[in-house]
Amino acid sequence: MVDLESFEEAHYLTVAEVALAMRVSKMTVYRLVHGGDLPAVRFGRSYRVPAQAVKEYLIAEPHAPAPVRLSASN
């Protein structure tokens, strides 16, 4: 039997919403989904990602700082 209460509290985001929240491209989100790094549910031809999964991914993943660019004059 399915626990409907847990589904009522679930919040799903579109790939575009995830990309905006993570400040990456939609293609990056698709790569994370297809690579199994970010769980998603497929509805027809589109994907929905649990909001909680995005939060957990951002907390758990070690993120490298952006490279510092030095100017040619230095």
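On a predicted model such as this, the values are computed, not experimentally measured, just so you know.

**A short note on the overall build of the chain**
On a plain count of helices and strands, the chain comes out with four helices and three strands. Within the chain, the fraction of its 74 residues that count as buried is 20%. For the chain, the exposed area adds up to about 6300 Å²; of that, 56% sits on carbon and sulfur atoms.

**Here we look at the packing of helix α2 (residues 15–22) against helix α3 (residues 26–34)**
When two helices pack together, their arrangement is given by the angle between their axes and by how far apart the axes lie. At a minimum axis distance of 8 Å, the contact between α2 and α3 shows a crossing angle of 105 degrees. By the angle between their axes, α2 is roughly perpendicular relative to α3. Along its contact with α2, which presents Val15, Ala16, Val18, Ala19 and Met22, the element α3 presents Lys26, Val29, Tyr30 and Leu32. When its residues are assigned to classes, the contact of α2 with α3 shows eight nonpolar, no polar and one charged.

**Thoughts on helix α4 (residues 51–60)**
Inspection of α4 places Ala51, Ala53, Val54 and Tyr57 among the buried residues, and these make up the whole buried set. The buried residues of α4 occupy one face: seen down the axis, they fall within an arc of 160 degrees. Summarising the geometry of α4, the exposed residues directed more than 90 degrees from the buried face are Lys55, Ile59 and Ala60. Elements in contact with the buried residues of α4: β1 (12–14), α2, α3 and β3 (46–50).

Conventions we followed
- Residues numbered from 1 in each chain as written.
- Predicted model: local features only at pLDDT ≥ 70, side-chain atom pairs only at ≥ 80, totals over all residues.
- Heavy atoms only, no water.
- Helix = DSSP H or I, 4+ residues; strand = E, 2+ residues; numbered from the N terminus.
- Buried < 20%, exposed > 50% of the residue type's maximum accessible area, 1.4 Å probe, protein only.
- Areas by Shrake-Rupley, 256 points an atom, 1.4 Å probe, with all protein chains shown as cover.
- Axes fitted to C-alpha atoms, helices over the stretch in contact; angles between N-to-C directions.
- Parallel < 35°, antiparallel > 145°, perpendicular 65-115°, else oblique.
- Contact = heavy atoms within 4.5 Å.
- Nonpolar A, V, L, I, M, F, W, Y, C, P; charged D, E, K, R; others polar.
- Arc of directions from axis to C-beta.

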